[in-house]
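Structural description and commentary
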Amino acid sequence: QVQLVESGGGLVQPGGSVRLSCVASGRTESVYAMGWFRQAPGKEREFVSAIRGISIYYADSVKGRFTISRDKNTSYLQMNSLKPEDTAVYYCASGPYALREARAYDYWGQGTQVTVSS
């Protein structure tokens, strides 16, 4: 089992920045890829970014604004130039491959709310 805990969400103004963290614990030897997804009210969960080794992927909607990184068992999502449409619950996930499909990930965190509003 792997446990994932996100932190760093909150209320931020449009154009602002926030950094999310995700710490993995437990059987971390099975954490090859770490991904971030988000879910806005009334919408499906969508892919944001993923990292596995030196391979990094972004959704088109966040490319150039968000940066994913990883330090051992912690993943970070630096979010810049935030827009109101970035408002969502952000989830961290881990699995064997850095894919865009949520079903590819085995473990999920509880989520952290990011609200972009003036």
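The sections below set out a description of the structure shown in this document. Nothing here was measured: the structure is a model prediction, and the numbers come from that model. Along each chain, residue indices are assigned from 1 in the same order as the chain's sequence is written. Local features in a predicted model are, by the rule used here, given only for residues with pLDDT of at least 70; side-chain atom pairs are given and counted only at 80 or more, and totals for whole chains, interfaces and linings are based on all residues. With hydrogens and water set aside, each side-chain value is computed from the structure's full complement of heavy atoms.

Describing the overall build of the protein
The helix and strand inventory of the protein stands at zero helices and eleven strands. Ordering the α and β elements of the protein from the N terminus gives β-β-β-β-β-β-β-β-β-β-β. Computation of the radius of gyration draws on C-alpha atoms alone. For the globule rule, the value is 2.2 Å times the number of residues to the power 0.38. For 118 residues, the compact-globule estimate of 2.2 N^0.38 gives 13 Å, and the C-alpha radius of gyration of the protein, at 13 Å, lies within 12% of that figure. Taken along the three principal axes of its C-alpha coordinates, the protein extends 40 × 25 × 25 Å. The cut-offs for exposure are 20% and 50% of the maximum accessible area for each residue type, with area from a 1.4 Å probe on protein chains only; residues under the lower value are buried, those over the upper are exposed, and the others partly exposed. Relative to its full complement of 118 residues, the protein shows a buried share of 44%. Exposure was quantified through the Shrake-Rupley algorithm and a 1.4 Å probe, taking into account, for residues, occlusion by the shown protein chains and nothing else. Total accessible area computed for the protein in this model is approximately 6300 Å², and 47% of it derives from carbon and sulfur atoms. Averaging the coordinates of the 13 positive side-chain charges in the protein and doing the same for the 10 negative ones gives two points 3 Å apart. Counting from the N terminus, the helices are the DSSP runs of H or I reaching at least four residues and the strands are the DSSP runs of E reaching at least two. The charge count treats Lys and Arg as positive and Asp and Glu as negative. His and the chain ends do not count. A single reference atom marks each charge: NZ on Lys, CZ on Arg, CG on Asp, CD on Glu.

What about the pattern of salt bridges?
Any carboxyl oxygen of Asp or Glu that lies within 4 Å of a side-chain nitrogen of Lys or Arg is treated as forming a salt bridge with it. Going through the model one piece at a time under the given rule, you end up with four salt bridges. Of the charged contacts, one joins Glu 46 and Arg 38 as a salt bridge, the two residues approaching to 2.6 Å between their closest N and O atoms. We classify Glu 46 as partly exposed; its relative accessible area is 35%. According to the relative accessible area criterion, Arg 38 is buried, its value standing at 6%. Close ionic contact of Arg 38 with Asp 86 constitutes a salt bridge, the shortest N to O distance being 2.9 Å. Remark: Asp 86 occurs in the loop between β8 (74-79) and β9 (88-95) and Arg 38 occurs in strand β4 (residues 33-39); sequence separation between them is 48 residues. The exposure class of Asp 86 is buried, given its relative accessible area of 1%. It is possible to trace a salt-bridge network through shared partners that takes in Arg 38, Glu 46, Arg 65 and Asp 86.

A closer look at the sheet that holds strand β1 (residues 2-7)
Within a sheet, each strand pairs with its neighbour through backbone hydrogen bonds, oriented either parallel or antiparallel. Any two strands with at least two DSSP bridges between them are considered paired. Read across the sheet, four strands follow the order β1-β3-β8-β7 without closing on themselves; strand pairing throughout is antiparallel. Across the chains shown, the open sheet's two edge strands, defined by having one partner strand only, are β1 and β7 (66-71). The sheet shows a mean angle of 15 degrees between the axes of neighbouring strands, taken without regard to direction. Across six bridges, β1 lies against strand β3 (residues 18-26) in antiparallel orientation. Paired with Leu 4 across the strands is Ala 24, a residue of β3. Interaxial angles span 0 to 180 degrees and are taken between N-to-C directions of axes, which are lines fitted to C-alpha atoms, for helices over the stretch in contact.

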